[in-house]
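Close look at the chain arrangement
Residues per chain are reported as follows:
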Number of protein chains: 10
Amino acid sequence: MNKEQMSDLIVSAKTQKSMTWNQMGEAVGVSPTWLASACLGMSSVKEPVAQKIADLLDLGADVVQALMVYPTKEWDKAIPNDPLIYRLYEVVGVYGETLKSVIQEQFGDGIMSAIDFSMDVEKEEDPKGDRVVITMNGKFLPYKSW
Amino acid sequence: MNKEQMSDLIVSAKTQKSMTWNQMGEAVGVSPTWLASACLGMSSVKEPVAQKIADLLDLGADVVQALMVYPTKEWDKAIPNDPLIYRLYEVVGVYGETLKSVIQEQFGDGIMSAIDFSMDVEKEEDPKGDRVVITMNGKFLPYKSW
Amino acid sequence: MNKEQMSDLIVSAKTQKSMTWNQMGEAVGVSPTWLASACLGMSSVKEPVAQKIADLLDLGADVVQALMVYPTKEWDKAIPNDPLIYRLYEVVGVYGETLKSVIQEQFGDGIMSAIDFSMDVEKEEDPKGDRVVITMNGKFLPYKSW
Amino acid sequence: MNKEQMSDLIVSAKTQKSMTWNQMGEAVGVSPTWLASACLGMSSVKEPVAQKIADLLDLGADVVQALMVYPTKEWDKAIPNDPLIYRLYEVVGVYGETLKSVIQEQFGDGIMSAIDFSMDVEKEEDPKGDRVVITMNGKFLPYKSW
Amino acid sequence: MNKEQMSDLIVSAKTQKSMTWNQMGEAVGVSPTWLASACLGMSSVKEPVAQKIADLLDLGADVVQALMVYPTKEWDKAIPNDPLIYRLYEVVGVYGETLKSVIQEQFGDGIMSAIDFSMDVEKEEDPKGDRVVITMNGKFLPYKSW
Amino acid sequence: MNKEQMSDLIVSAKTQKSMTWNQMGEAVGVSPTWLASACLGMSSVKEPVAQKIADLLDLGADVVQALMVYPTKEWDKAIPNDPLIYRLYEVVGVYGETLKSVIQEQFGDGIMSAIDFSMDVEKEEDPKGDRVVITMNGKFLPYKSW
Amino acid sequence: MNKEQMSDLIVSAKTQKSMTWNQMGEAVGVSPTWLASACLGMSSVKEPVAQKIADLLDLGADVVQALMVYPTKEWDKAIPNDPLIYRLYEVVGVYGETLKSVIQEQFGDGIMSAIDFSMDVEKEEDPKGDRVVITMNGKFLPYKSW
Amino acid sequence: MNKEQMSDLIVSAKTQKSMTWNQMGEAVGVSPTWLASACLGMSSVKEPVAQKIADLLDLGADVVQALMVYPTKEWDKAIPNDPLIYRLYEVVGVYGETLKSVIQEQFGDGIMSAIDFSMDVEKEEDPKGDRVVITMNGKFLPYKSW
Amino acid sequence: MNKEQMSDLIVSAKTQKSMTWNQMGEAVGVSPTWLASACLGMSSVKEPVAQKIADLLDLGADVVQALMVYPTKEWDKAIPNDPLIYRLYEVVGVYGETLKSVIQEQFGDGIMSAIDFSMDVEKEEDPKGDRVVITMNGKFLPYKSW
Amino acid sequence: MNKEQMSDLIVSAKTQKSMTWNQMGEAVGVSPTWLASACLGMSSVKEPVAQKIADLLDLGADVVQALMVYPTKEWDKAIPNDPLIYRLYEVVGVYGETLKSVIQEQFGDGIMSAIDFSMDVEKEEDPKGDRVVITMNGKFLPYKSW
C-alpha cells in the first residue's frame, strides 16, 4: 500500500465517521495540522501514533505500515493553481524579501528551518468576517563558517 | 523617485542611524514587518505615516511621495533561490494541501485572503536554539454562489 | 465519484435531455454561468441546489454528493491553448496594467476579489455580427496596513 | 520618442494636473479604460484624438506622434505576479472551460474577439464593500469551414 | 466517442480504403486541408458534411456525432519537436516581426484572424525539387477604439 | 554598426521619406516581405542590393555593410505575445498536425524547408472586410536513408 | 501496431538473436546508425528494406508496415537528462556559435540540413582509452533571397 | 578585459585583415574550429598560442591575458533559435536515443566525453549541393562501479 | 522486466529481509551507495555482482538480467522538490561558482568527471546532532586543445 | 559597495598578488572553500576575519563592510550550463534518490542541512589522472512531529 492509497482510505474512513482533523488530533494527542499532513502522505508517523490513527478509523495494519514510511515530498505545480494555496505562494512572493530582512536583523545570517518546524491553524472569530490564523514555528539555523 | 530608489535611500539611512525595523515600527506605531514591506516597496503608506517614516530618517518629501505610491507587486523568481525564502516556498509546497484541507474543514469552501491580511515575526528563545515564529492572519473569504 | 466522473455524467445527461445551461439555470434558480462552473467541477454546491440539479437530470445521490465537495481548482496550461480561452488570457496580458491603473485610481490600493465574485455571459445581437458580453463583478478588497 | 517614454511623460503630466482617467476620457470623448490603455502604450490612437490628449496635458507633437504608432503588445510575465492582475488570470484559469461551454452553446463554434473588443470598469457601491464591475464586449467570430 | 477515438477510426478506415485527403476533399466538396483538420479533431463539422465523410468511409452515426462536436483545440508542445511542424514555428519566429510590419503598413493597426481563416497546401513541381506552397487567408480585423 | 542600429536607421529614414515596404521592394526589384526582413535584421543582403537600399534612403556605407552581415536569427518569446504574431503561432499549433499529414501524404516523408523558402503578403479586397493572404513557398526536402 | 510497440518487438528479437546494430546494418546493407534510428521509431523505411529487417529478426508483416510509417519525431526532454545524450546537447551549447561562424565563413549564409543528412559512429582504438567518433554529413542549404 | 570585449576585438581585427578561421588555424598550427571557439570565448588558450594569435592580429597583451582565462561556458537559450544551431539541437533530439544505443552497444555502459573532445568541420564538394561534414571525437568514459 | 519493476522487487525483498544497504554492500563487497544506485535502477551491474545481489535477496534470473541492463538515467524534476534532494541542489546553486574557482585553480581548466566517479555517505556522530558526510571522488578531466 | 563590486575588487587584487584560495585560507585560518564563497559574495564574514582578508589583499574598509553583509543567495540558471557546475547538478539528478534512501535508512526521516554545513575540496594524486575529492558535511535534521 503506497501513501496515495493510504490517504484515500483514511480520508474516506474519516468522512464515513464524520470526524474532523481537530477531533482526530485531540483523540490521538497531536496537532490536527500535523495529523492531516501525515494522513495526506506528507509526514511519517512513529508506530504508536500510527496505530492510534488506524484504531480510531478502524483501519488495518497496512495503513499503520504506510503511515510509518518516510515520504517523498513532491508537488506537481511549481506555481500552485488552487486559490487557497496560491494565496500562500503569493504571500511568499510579496513578503519574502521583507521576512528575510526582518528575521535576519533579529537573528543574524541564517534561516528558519522548514524541518525542525511546526505549524498550526486557528479560527479567530470576527463580526466583520472570521479570520484564519496560521502560526509557523521553525528553529533558527545560523550559517556556519568553516 | 521610484520605489527602488526610495528603498535604497531608506535602507541606507536606516543603516547609518543604526535603527532596526523593530525600533522604527515602535516609533511610527505600526508593525515592524508591515513597515519593512512598505520601505522595501511592497506596500503603500498613507500620508501621515509616510511623513513619520521620513522624519525618523531625516529624508525628504520625495521619499514621502514614493512611499504613498501604490506598488506593482512583482518578483523575479517563480521559484525563489535564497535559502530563507525558499524554505517558506517549500512549506507551501509540502503543506499546501494540508492547509487547504484543515482550513476548509473549519471554515467552509473559500480561502484565506492575502489582501485583508497581516503578518508578524517573533523570536522565541529556546536553549536548544532560538525559534522564529511567523503569524499570518487573513480574513476568510467564502466562495459566492450566484 | 470524483468531480471528473460527475462532470462526465452531468454533461452526458444534459446532452441527452437537450438542455442548455440557460434552461438549467432558470430551472434551478441560479446563474447559468455559475451552474456550468459547478457542473464542470470548479465550484461546490450547497445541498438543496445540488439536489435540484440531480433531479433535473435524473441523476442519483452520488452526483449530489460530488457536487457538494469543495473542489481543487487546478488547470493544466499556464498559458491556455484553446483559442476562446486564449483570447481571455490575451485580454489580461494586454489590458492588465490598464485595469490596475483604472481600478486603483477609483478604489484605492487593493484588488478585485476573484472569490467574492460573480460573472455572467450575455448575447448582444448586432447586424454586423452578434457580440459576447461578459460581466465580472468582484468585491474590492483594500490592502490592510497593520 | 518610444511608447515607454511617451507613457512616462503622460502619466507624470496627468499626476501634476491631478486628472483622473475618467476626467480625461470625458474631456476627450472616449472610454477612460481605452484612453488609459492608449496612454500606457497598448493601443494606437488616430490623429485628432491624439491631439486632444496632448492638448489636455500640455504635451507636444512628439507625444501625438507616439500615441499614433501601432504598438507591439507584449508583456513580461506569462503568469502575472501583481495580485490585482493575477486575480484576472485566475478567473481565466478557473472559469475558462465554463466560459467556453456557455459561450459556444449560445453562439456556436467560435470565439469572442479580443480585437473587435471593448471593455469598461465601473464602481458599484455596496454597504458591505464596493464592487468592481468589468464589462467585456467582443464580437463573436464563428470558425469558418472551407 | 471522443475526438481522439474518432480520429483513429477515420484514419484507419482511410488507410484501408487507400483514400487521400485530396480525394476525400473532392468527394465531399470541401478543402482537403480543412477536411483533414476536422478528421484529426481540430475543427467541427456541420451535420450534412459529417454524414458525407462517414458515408465515404463506411463509418457509423457515432463518428458523425463526434465530427460535429466543438473541439478543444489544444497542443502539447509549446515549442513543437517534429521537424515539419518546427519549421513552421521557426518561420513565425524569424519572420513574425516582418509580417507584422508588412501587414500593418498595408491594412492599419490590427491582425489577421485565425478564426475567419482558411488555408491550403499545393504542390509546385520544380526540376530542382518540388515545392510546398501553403496559402493562408484570414480576415483583417482592425483594433477598435471605444 | 550592428543589425539593431542599422534597423533603427533604416526604419526612421523610411518613415521620414514616407516610403512603404511595397514601394521599396518595387524600387529595389525584390519582394517587399523579404526586403522588410532584411531591413529588420533577419536576412543578409548581397552587396548590390544592399547598395540600392542605402541609396534609396540616403544612408551610408556602414548601413550597406550591416545589411550584408549574416544575421543571428533569434527571438525572445518562445510563445509570442503580440496578437498579430500570436495568431500565426496559433495556426501552427492548431493546424500543425494537419499540415504534416496533408504535406507528407502528397510529397512523402520529409519537410518543407524554411531556408530554401520565400513568403509574400497580399491584400484581398472583400466587401465584408479585406483579407490578408500569406503565401509560403518552401522546397520539399525528403528524409535521406543512408 | 504503433512505432513504440514495433520498437519493443524489434529490440527484444534483436536481443534474443544476439545481433548488434552493426551486424544488422551489414546484413541489410545500410548504415547501422540509420537502421537503429528506424528500429527505434525515428525514421521511416521503404518496403524492401523493411522486409529485410523483419526477415532478419523473424518478425511479421505488421512490423514491416510499422517500419514504413512516417514517424512523428518528438522527444520529451527539451534539455536531455541521460548523461550520454546531455553531452551532445552540451556540445551544441558550448560550440554552437563556433560552428555557425566556421560553417558560414566557408559556405555563406545558410545552414547544414538535418533532413538531407546522414550520421555515423565509429570506434577509434586508443591505448589511453578508446574514442567515439561521430560524423555528421548534411547538405548546405543557402538562404534564398526573393 | 573580459572574454566578450576580447572576442569583439579579435573578430573585428580578423575582419579588417580579411583572415579566415582556416587561415588563422594554419598560421597558429591548431584546428580552425578550436581556434574559433577560443576567440569567441568558449575555450582557454595556453600562453604561447595566445601570443601567436595576438601577434597575427596585431593585438596587445590584454588580449593574450583574456585568451588565457578559464571561461564560464554559458549559453542563453536552452533551446536555440538560430536555424543553423537549432538543426544541431534537432539532431540531438531526433537521434539521441539512437546514438546512445549504438555507442553503448559498441563500447559498454558509459558516455562520449565532451571535455576530452575535439571537433572539426569540412566542406565536401558535391554537384547537387556542397555538404557540411562535422566530425566529433570524444574519449569513451565507462561508468565506474565502486 | 524493466528497471522500475526490478527496483520494486528488490526494495520489497530487502524490506522483508530487514536488510540495510550497508549490510547488502558488505555482503556483496561493494559500496552501499553504489549498490543502492544499481538497485534503484541508476547504474548497471556486471553479471557476477548481479547474481550475488539476487542470491542475497532470493530473487530470480530476471532480476539479474534487469540489473545488467544499461540504464537511461532520467529524472522528472529539473528542480527537485523533496527537501533532502533539494538541499543538494541548493548546495550546487549556492556553491557552484565557488567550487569551479577552487577546483580550476588547483587543477587547471577542466571538470570533475561524474562518470569516472564514486560517492559515499558516512555518519559522523556528534553530541550536538549527528552529521551526514558525503564524499564525492571524480577524475579531473582537463579540456583538450586541438 | 555591493557584493559584486566587492568580489571584482578581491579577485583582481588576488590575481595581482598571485595568491591562491589555499594560501589565503591558510593565512586567514579558515577553509579555502569557505573563504572563496565569501569572497565571491555567497557567505557573510564576521568582522575580524573580514579585516584579515582585506589586510591580506591591501583592500579598504568598504571591502570589510561588504564582506560582512548578509548575502542574497541567488543563481541565474535553474539548470546550470557550465560543464563543471553541470556535472554536480547531474550527480544530484542521477544519485538524488539513492542518497535519500541511504541517508534516511541510516539516520531516520529527515535531511542533511545545507546551512549547518561545510564543504571542502582536495586533490588526490593518481597516475591515471588526478582526482577531485569533494567532502560535504551537514548536520542531520530529523523531521519534527507536533
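Scoring rules and cut-offs
One numbering rule holds for all chains: residues counted from 1, following each sequence as written. A letter from A marks each chain and a number from 1 marks each ligand, given out in the order of writing. Residues qualify for local features only when their pLDDT is at least 70, as the model is predicted, and side-chain atom pairs are given and counted only at 80 or more; totals for whole chains, interfaces and linings, by contrast, use all residues. Strands are runs of DSSP state E lasting at least 2 residues, helices are runs of H or I lasting at least 4, and numbering of each runs from the N terminus. With C-beta atoms placed from the backbone, the exposure class of a residue follows from how many other C-beta atoms lie within 10 Å of its own: 20 or more, buried; 12 or fewer, exposed; in between, partly exposed. Two residues form a contact once the distance between their C-beta atoms, set from the backbone, is within 7 Å. Being paired, for any two strands, means DSSP has found at least two bridges between them. Orientation is described by lines fitted to C-alpha atoms, with helices fitted over the stretch in contact, and by angles between N-to-C directions that extend from 0 to 180 degrees. For the domains described, the bounds stem from an automatic or database domain assignment. We place the copies in one frame by least squares, fitting the C-alpha atoms of every residue whose pLDDT is at least 70 in both. We call Asp, Glu, Lys and Arg charged. Ala, Val, Leu, Ile, Met, Phe, Trp, Tyr, Cys and Pro are nonpolar, and the rest, Gly among them, are polar. Per-residue confidence from the prediction method is given by pLDDT, with values spanning 0 to 100. When describing relative orientation, an angle under 35 degrees is termed roughly parallel and one over 145 degrees roughly antiparallel, while 65 to 115 degrees is termed roughly perpendicular and anything else oblique. The crossing is said to be left-handed when, going from far helix to near helix, the turn is anticlockwise and less than a right angle, and right-handed when the turn is clockwise. The arc in question is traced by the directions running from the helix axis to the C-beta atoms.

Within chain A one finds six helices and two strands. Secondary structure elements of chain A, listed N to C terminal, follow the sequence α-α-α-α-α-α-β-β. Principal-axis analysis of the C-alpha atoms gives chain A an extent of 50 × 50 × 30 Å. Within chain A, the fraction of its 146 residues that count as buried is 49%. Nonlocal contacts in chain A, meaning residues at least 24 apart in sequence, comprise 56% of its contacts between residues at least 6 apart.

Okay, unusual backbone geometry next. Not every positive phi belongs to a glycine, and A:D58 is a case in point at roughly 55°. With respect to the helices and strands, A:D58 occurs in the loop between α4 (47-57) and α5 (61-68). The phi dihedral of C:S18 falls on the positive side, at around 50°, and the residue is not glycine. On the secondary structure map, C:S18 appears in the loop between α1 (3-16) and α2 (21-28).

A separate point is the sheet that holds strand β1 (residues 110-124) of chain D. The strand order across the open sheet formed by four strands is β1(C)-β2(C)-β2(D)-β1(D), and the pairing between neighbours is antiparallel. Here the strands that pair on one side only, and so sit at the sheet edges, are β1 (110-124) of chain C together with β1 of chain D. Pairs of neighbouring strands in the sheet enclose a mean axial angle of 20°, with direction left out of account. Here nine bridges tie strand β2 (residues 131-142) of chain C to strand β2 (residues 131-142) of chain D, and the two strands are oriented antiparallel to one another. Paired with C:I134 across the strands is D:M136, a residue of β2(D).

This paragraph deals with the domain arrangement of chain A. Assigned domains within chain A: domain 1 (3-68) and domain 2 (83-142). Relative to domain 2 of chain A, the C-alpha centre of domain 1 of chain A lies at a distance of 26 Å.

Turning to the pairing of strand β1 (residues 110-124) of chain J, a few remarks are in order. All names here are of chain J. Here β1 runs beside strand β2 (residues 131-142); their pairing, made up of 11 bridges, is antiparallel. Residue pairing across strands places M112 opposite F140, the latter belonging to β2. Count of turn residues in the β1/β2 antiparallel hairpin: six residues, of which G129 carries a positive phi of about 130°.

Superposing chain F onto chain E takes a rotation of 180° combined with a translation of 0.0 Å along the rotation axis, leaving an RMSD of 0.0 Å. Both copies are brought into coincidence by an operation consistent with a two-fold rotation axis. When C-alpha positions in chain F are compared against the rotation axis, the closest is assigned to F:T135, at 2.2 Å.

Quick look at the interface of chain B and chain I now. Size of an interface: often given as the accessible area lost when the parts come together. Each side of the interface is counted separately: chain B has five residues, and chain I has five residues. Classifying every residue of the side of chain B that touches chain I by side-chain character gives two nonpolar, two polar and one charged.

So, on to the confidence of the model for chain A. Per-chain confidence: chain A averages 97 in pLDDT, with 100% of residues scoring 70 or above. Under the prediction, the complex receives an ipTM of 0.96, its pTM being 0.96.

Note that the two copies of the chain are related through a rotation about an axis and a translation along the same axis. Relative to chain I, chain B is turned by 180° and slid 0.0 Å along the rotation axis, the superposed coordinates differing by an RMSD of 0.0 Å. When the interface residues of chain B are mapped onto chain I, 100% of them again lie at the interface, so the same face is used by both copies.

For the rest of this paragraph, the subject is the sheet that holds strand β1 (residues 110-124) of chain H. With antiparallel pairing, the four strands of this open sheet are ordered in space as β1(G)-β2(G)-β2(H)-β1(H). Of all strands in the sheet, those bounded by a partner on one side alone are β1 (110-124) of chain G together with β1 of chain H. Within the sheet, the average angular offset between the axes of one strand and its neighbour, ignoring direction, is 20°. Contacts from helix α6 (residues 83-107) of chain G reach β1 and β2 (131-142) of chain G together with β1 and β2 (131-142) of chain H, with the element oriented near 20° to β1(H).

Moving on to the interface of chain F and chain E. Between chain F and chain E, the residue contacts involve 56 residues of the former and 56 residues of the latter. Where the side of chain F that touches chain E is concerned, the elements lending two or more residues are α3 (32-39), α6 (83-107), β1 (110-124) and β2 (131-142) of chain F. No other element matches the 23 residues that α6(F) contributes to the side of chain F that touches chain E. When the residues that make up the side of chain F that touches chain E are grouped by side-chain class, the tally is 32 nonpolar, 12 polar and 12 charged.

This next bit is on the environment of H:D109. Within the secondary structure, H:D109 is located in the loop between α6 (83-107) and β1. C-beta crowding within 10 Å serves as the criterion here: with 18 such atoms nearby, H:D109 is assigned to the partly exposed category. Between the C-alpha atom of H:D109 and that of H:D8, which follows or precedes it by 101 residues, the distance is 42 Å. With near-sequence residues (within four places) excluded, H:D109 lies in contact with H:Q104, H:P142, H:Y143, I:S44 and I:Y70.

Right, let's get into the packing of helix α1 (residues 3-16) of chain H against helix α5 (residues 61-68) of chain H. Residue and element names in this part refer to chain H. In contact at an axis separation of 9 Å, α1 and α5 are set at 125° when each is read in the N-to-C sense. Taken together, the axes of α1 and α5 are oblique relative to one another. In this structure, α1 meets α5 at a crossing whose hand is left-handed. Counted together, K3, M6, L9 and I10 of α1 and V63, A66 and L67 of α5 form the full contact between these two elements. In terms of residue class, the contact of α1 with α5 is made up of six nonpolar, no polar and one charged.

Once that is clear, we can look at the packing of helix α4 (residues 47-56) of chain E against helix α5 (residues 61-68) of chain E. Residues and elements named next belong to chain E. In the contact formed by α4 and α5, the axes pass within 9 Å of each other and the chain directions differ by 135°. Between α4 and α5, the angle falls in the class oblique. Crossing handedness for the pair α4 and α5: right-handed. Together, E47, A50, Q51, I53 and A54 of α4 and V63, V64, L67 and M68 of α5 make up the contact between the two elements. Across the contact of α4 with α5, the residue classes tally to seven nonpolar, one polar and one charged.

This paragraph deals with the arrangement of the chains. Taking C-alpha atoms only, the smallest gap left between chain B and chain G, which are not in contact, amounts to 19 Å. Between chain C and chain G there is no contact, and the shortest C-alpha to C-alpha separation is 17 Å.

Moving on to the environment of I:S7. Residues and elements named next belong to chain I. Within the secondary structure layout, S7 lies in helix α1 (residues 3-16). Note on S7: 19 C-beta atoms within 10 Å, which makes it partly exposed. When the C-alpha positions of S7 and V63 are compared, they lie 8.8 Å apart, and in sequence the two are 56 residues distant. When neighbours within four sequence positions are excluded, S7 is seen to be in contact with C39, L40 and G41.

With eight of its eight residues buried, helix α3 (residues 32-39) of chain H lies for the most part within the structure. Among the residues of α3(H), those classed as buried are H:P32, H:T33, H:W34, H:L35, H:A36, H:S37, H:A38 and H:C39. On its buried face, α3(H) is in contact with α6 of chain G together with α1, α2 (21-28), α5 and β1 of chain H. Note on α3(H): the residue one or two positions beyond its end, H:G41, has a positive phi of about 95°.

All names here are of chain J. Listed in full, the buried residues belonging to helix α4 (residues 47-56) are A50, I53 and A54. An end-on view of α4 places all buried positions within 95° of arc, on one side of the element. Turned more than 90 degrees from where α4 packs its buried face, P48 and D55 sit exposed. Tucked inside the fold, the buried residues of α4 contact α2 (21-28) and α5 (61-68). D58 sits one or two residues past α4 and shows a positive phi near 55°.

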